[in-house]
Amino acid sequence: MSLTIVASSTNPPIGALLVANFIKDTTPVTIKWGKETSLQVTSDISFNTNSTISRYLARVACSYGLYGSTVLERTEIDHWLTFSFGQLLCTKEFQEAILYLNKILGPITYLVGSKLTIADFAVFGALYYSQQWSSSLENGNAPGNVVRWYNFIKSLCHVESFLASIPDEAKPKFGTTDKTAGGSGRKEEGKFVELPGAEVGKVVVRFPPEASGYLHIGHAKAALLNQYYQETFKGKLIMRFDDTNPAKEKEDFEKVILEDLQLLQIKPDRFTHTSDYFDLMLEYCEKLMKEGKAYVDDTEPEVMKQEREQRIDSKNRSNAVEKNFKMWEEMKRGTEYGQKCCVRAKIDMNSANGCLRDPTIYRCKNEPHPKTGTNYKVYPTYDFACPIVDSIEGVTHCLRTTEYHDRDDQFYWFIDALGLRKPYIWEYSRLNMMNTVLSKRKLTWFVDEGLVDGWDDPRFPTVRGVLRRGMTVSGLKQFIIAQGSSRSVVMMEWDKIWAFNKKVIDPIAPRYTALEAEGTVPVLVNGASLEPLTVAKHPKNDEIGTKTIWVGPRILIDGVDAETLKEGENTTFINWGNLLIKKINRMNGKIVSVEAEPNLINKDYKKTIKLTWLAETESAPFVPCICVYFDHIISKAVLGKDEDFKDYIGHNTRTEVRMLGDPELLNLKKSDIIQLQRRGFFICDSPYKPISRYTGRDSPVILFAIPDGHTKESSVTAPAKNKEISNKENGQETLEDDQRSRRPSSSRTEEMIGKVRQLI
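About the criteria used
- Residues numbered from 1 in each chain as written.
- Predicted model: local features only at pLDDT ≥ 70, side-chain atom pairs only at ≥ 80, totals over all residues.
- Heavy atoms only, no water.
- Phe/Tyr/Trp six-rings, centres within 6.5 Å; stacked < 30°, edge-to-face > 60°.
- Helix = DSSP H or I, 4+ residues; strand = E, 2+ residues; numbered from the N terminus.
- Lys NZ or Arg CZ within 6 Å of the ring centre and 35° of its normal.
- 1 Å grid on protein atoms, 1.4 Å probe; cavity = no way out; pocket = protein on both sides within 12 Å on 5 of 7 lines; lining within 4 Å.
- Points joined across faces, edges and corners; volume = space filled by probe spheres on them.
- Nonpolar A, V, L, I, M, F, W, Y, C, P; charged D, E, K, R; others polar.
- Buried < 20%, exposed > 50% of the residue type's maximum accessible area, 1.4 Å probe, protein only.
- Pairing = 2+ DSSP bridges.
- Salt bridge = Lys/Arg side-chain N within 4 Å of Asp/Glu carboxyl O.
- Axes fitted to C-alpha atoms, helices over the stretch in contact; angles between N-to-C directions.
- Contact = heavy atoms within 4.5 Å.
- Lys, Arg positive; Asp, Glu negative; His and termini not counted.
- Polar contact = N/O pair within 3.5 Å; in protein donor to acceptor, adjacent residues only side chain to side chain.
- Core = buried A, V, L, I, M, F, W, Y, C linked by side-chain atoms within 4.5 Å.
- Parallel < 35°, antiparallel > 145°, perpendicular 65-115°, else oblique.
- Expected span 1.5 Å × (residues − 1).
- Arc of directions from axis to C-beta.

### Considering the packing of aromatic side chains
Next up, step 1: Under the definition given, this model contains 32 aromatic pairs.
Next up, step 2: Centre to centre, the rings of Tyr110 and Phe152 are 5.7 Å apart; their planes meet at 65°, and the pair counts as edge-to-face. Of this pair, Tyr110 sits in the loop between α4 (91-105) and α5 (118-128) while Phe152 sits in helix α7 (residues 144-155), placing them 42 residues apart in sequence.
Next up, step 3: The structure contains a cluster of three or more aromatic residues connected by ring pairs, namely Tyr214, Phe253, Trp445, Phe446, Trp455, Phe460 and Phe645.
Next up, step 4: For Lys503, the ring lying beneath its charged end belongs to Phe500, and the centroid distance is 5.4 Å.

Rendered as structure tokens:
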């Protein structure tokens, strides 16, 4: 079996290359250096990331055991692969990640098991190309266990020999001067390559959306990447509306997009429209026609398409300049004949690149434009307008996705043909998300069909949708920065984004309590007095403040929690302490009440069951609350090219659960993010409203569940293992992730099936 890895010289997959070098005696792998990383296995199958290539090679050369020998080991290895791709490449998380790694490496030689695995190669590779790690080593402040392990891996003969063979252009480039690195220290993130020719204070980038819909998370990536380079090089960011198509442009959408940029905390230095340059582009079009580099074509669209596919010249390709201008005048007047014509650039009809086969540069559209009115009847195509406006606006680096790669030659042809200044194109991978669609046309269909609440529906991948669901701008930025400007095209799972978000909200989200309204069980606490207690809102962050809870002779717990109790044993009631369970009363096999007595002197919380609860008291009535959980709008993870998204519409994607809320939930404001203990994180979509004089009813708090990157988005509630005590003074307790994953009983079978599938 012959394998060849093409390794990016700007972002080398060092972990995968070390694996390839390690197995070369039994599984020869040729390594070539190029622009983008890939391992082509068959004509239909290729791998483009460090992790996927490493896993594949380890499986091919299974005798080495590089991918572990048990399910548990493989799970651990996957954790380290994610760790090397995420935390170690994120500047803000690097120090915390290194300390964590140092703690793990204390008693061990290898990251997983007792032998070398791809986990060691992946983490070593991330450190090898980390400027922060290099600086730590140089300054002598790197943690000892990591230094020991790092030097050990580096000293292995096959690692040492490979590192020595890396070409100069692919070696780590540390100690970069401010002139090229912007003096920001961000180079250490590893996924951001140096912009060619970039100088501090001179970089100009642009974000050019079409004003035809709301921004989605893919647009957010583009905008945030441009902002990243703007800030890194202390340059300028142009916000440009691509309004070349009057049929799609709407001023309302321009307002929406500007608001979305504000939500993302992006502040462009300049705002422009492509239509600002319509007169200039008309001149450039006529310049090409005069020089015989463009012609007017009245060929039927379907025929034109076939001719381009078959590389057949149009009958108008050899038109005289006079005839072209005569047809052009018909177009500019918007006559019936003119509307049948278009202007095409005369490039190369025999090119293997279809984008060079005389592309259309002007169309006749006899309809008003939102900004220019009826001044024009002809409008430039985006492909013609973009290089012109980029050049004259002083853009130095055009960041765009790899899907435009085939148009790069066309872009530069227009620049050269018109004698314009040449910007540099830098490509990055498009953000592809599972279980959703990012097409504006498809998202519009969902809205028009009433399958969602609107463009800000929490199930939507729009900026407004994900923010309404609880995504923070900081979490989104950290995710985008971790992805960087890599060109590797991957299908991203949503849990990756939500995992970054959790790291932002976990340290600051205040903790509250809520019980399911149906099925609560009273606990009668003999000898307990009704009284308020003051406790911390967050067990690990005193700055969040305190809250008042009530304890008393009658408290409520969830029915599923009652089933876990045992007579004669202590149970920890979070924020109160230990209660001794005296008697469990049943009727027809169902628990109807529990009798207990305080045992607060007992501070042993290590092996007790931990429960959330609420005391019944007129002094602090429960707050009516509805917890809303969402699932994916598309039921299939990845849609094939020929598959209709309408065949995979997710049904029953919204689940509402009535809750009895902590009295303190009265103080929640819209968009406040909290954690309901042992249930997860939530964002307040609608605060509590007291009884209305018009309806005679109060309005409950509406809380949207925020995915945390670890549990299924549709999860609701169910008991999980209890973890360590975080506050031994009053039994306040924090689970490992300060929550427990719960689900309605009707979905537990589906949950088990899902887990089995994941193991398979």
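### Quick word on empty space enclosed by the protein
Next up, step 1: Taken as a whole and judged by the stated rule, the model has six cavities of 30 Å³ or more.
Next up, step 2: Computed from the structure, the largest cavity encloses a volume of approximately 160 Å³.
Next up, step 3: Contributing elements (two or more residues each) for the lining of the largest cavity: β20 (546-551) and β26 (614-615).
Next up, step 4: Tallied by class, residues from the lining of the largest cavity come to eight nonpolar, six polar and two charged.

### Looking at the pairing of strand β6 (residues 236-241)
Next up, step 1: Along β6, five of the six residues are buried, which leaves the element largely enclosed by surrounding structure.
Next up, step 2: Across four bridges, the pairing between strand β5 (residues 204-207) and β6 is parallel. Residue pairing across strands places Val204 opposite Lys236, the latter belonging to β6.
Next up, step 3: Across four bridges, the pairing between β6 and strand β7 (residues 270-273) is parallel. Bridge pairing in β7 links Met239 to Phe271.

### Considering the pattern of salt bridges
Next up, step 1: Taken as a whole and assessed by the stated rule, the structure comprises 36 salt bridges.
Next up, step 2: With a shortest N-O distance of 3.3 Å, Asp416 and Lys422 are connected by a salt bridge.
Next up, step 3: Residue classification places Asp416 among the partly exposed positions, given a relative accessible area of 49%.
Next up, step 4: For Lys422, a relative accessible area of 47% gives the class partly exposed.
Next up, step 5: Where Glu563 meets Arg586, a salt bridge forms, and the shortest distance between an N and an O atom there is 3.8 Å.

### A few points about the sheet that holds β6
Next up, step 1: The sheet built from three strands is open, its strands ordered β5-β6-β7 with parallel pairing. Edge positions in the sheet fall to β5 and β7, since each of these pairs with one other strand and no more. Ignoring which end each strand starts from, the neighbouring axes of this sheet average 30° apart.
Next up, step 2: Contacting β5 and β6, helix α10 (residues 217-232) crosses the sheet at an angle of about 165° to β5.

### Here we look at the side chain of Asp242
Next up, step 1: The topology assignment puts Asp242 in the loop between β6 and α11 (251-263).
Next up, step 2: For the buried Asp242, which has no salt bridge, the nearest side chain bearing the opposite charge is Arg240, at an N-O separation of 7.2 Å.
Next up, step 3: Within polar-contact distance, the side chain of Asp242 engages the side chain of Thr244 at 3.3 Å.

### A short note on the sheet that holds strand β9 (residues 342-345)
Next up, step 1: In space, the four strands of this open sheet follow the order β8-β9-β10-β11, with antiparallel pairing throughout. The strands lining the two open edges of the sheet, one partner per strand, are β8 (294-297) and β11 (378-380). The sheet shows a mean angle of 20° between the axes of neighbouring strands, taken without regard to direction.
Next up, step 2: Here β9 runs beside strand β10 (residues 360-364); their pairing, made up of three bridges, is antiparallel. Opposite Arg344, over in β10, you have Thr360 as the bridge partner.
Next up, step 3: Set on the sheet, helix α14 (residues 321-333) makes contact with β8, β9, β10 and β11; between it and β8 the angle comes to about 60°.

### Quick look at the nonpolar core
Next up, step 1: Ranked by size, the top nonpolar core spans 68 residues in total, and within it Phe207, Ile217 and Phe446 carry the most contacts.
Next up, step 2: Top element by residues in this core is α10. It accounts for eight residues.
Next up, step 3: Filtering out sequence-adjacent residues up to four positions away, Phe446 remains in contact with Val437, Leu451, Val452, Phe460, Ile633, Ile634, Phe645 and Ile649.
Next up, step 4: In terms of nonpolar packing, the next biggest core, distinct from the first, is built from 56 residues, Tyr67, Leu101, Ala126 and Ile153 among them.

### Overview of the pairing of strand β21 (residues 554-558)
Next up, step 1: In terms of burial, β21 is largely enclosed, as four of its five residues are buried.
Next up, step 2: In this sheet, β21 lies alongside strand β18 (residues 520-525) in antiparallel orientation, the contact comprising five bridges. Bridge assignment links Val521 to a residue of β21, and that residue is Ile557.
Next up, step 3: In the sheet, β21 pairs with β26 via two bridges, with the strands oriented antiparallel. Note on β26: the bridge partner recorded for Ile555 is Ala615.

### Thoughts on the packing of helix α3 (residues 71-85) against α5
Next up, step 1: For the pair α3 and α5, the least separation of the axes is 9 Å and the interaxial angle reads 10°. One element, α3, and the other, α5, form an angle in the roughly parallel class. Taking contact as the criterion, the partners of Ile77, Trp80, Leu81, Phe83 and Ser84 in α3 are, on α5, Ile118, Ala119, Ala122, Val123 and Ala126.

### Topic: the side chain of Asn102
Next up, step 1: Within the element layout of this structure, Asn102 appears in helix α4.
Next up, step 2: By relative accessible area, Asn102 is classed as buried at 17%.
Next up, step 3: For Asn102, the residues in contact, after removing those within four places along its chain, are Pro143, Gly144, Asn145 and Val146.

### Some thoughts on unusual backbone geometry
Next up, step 1: Phi at Lys234 takes a positive value of approximately 50°, unusual for a residue other than glycine.
Next up, step 2: Residue position: Lys234 is located in the loop between α10 and β6.
Next up, step 3: In this structure, Ser671 is a non-glycine residue whose phi angle is positive, near 80°.
Next up, step 4: Residue classification places Ser671 among the partly exposed residues on the basis of a relative accessible area of 47%.

### A look at α11
At 3.6 residues per turn, the α-helix brings residues three or four places apart onto the same side.
Next up, step 1: An ideal rise of 1.5 Å per residue puts 18 Å on 13 residues; α11 measures up with 19 Å between its terminal C-alpha atoms.
Next up, step 2: Within α11, burial applies to Phe253, Glu254, Val256, Ile257, Asp260 and Leu261. Take α11 and look down its axis: the buried residues cluster within an arc of 165°, on one side only. Along α11, the residues that are exposed and aim more than 90 degrees away from the buried face are Glu251, Asp252, Lys255 and Gln262.
Next up, step 3: Residues of α11 that are buried in the fold lie against β5, α10, β6, β7 and α18 (463-468).
Next up, step 4: Phi turns positive one or two residues past the end of α11, at Gln265, with a value near 60°.

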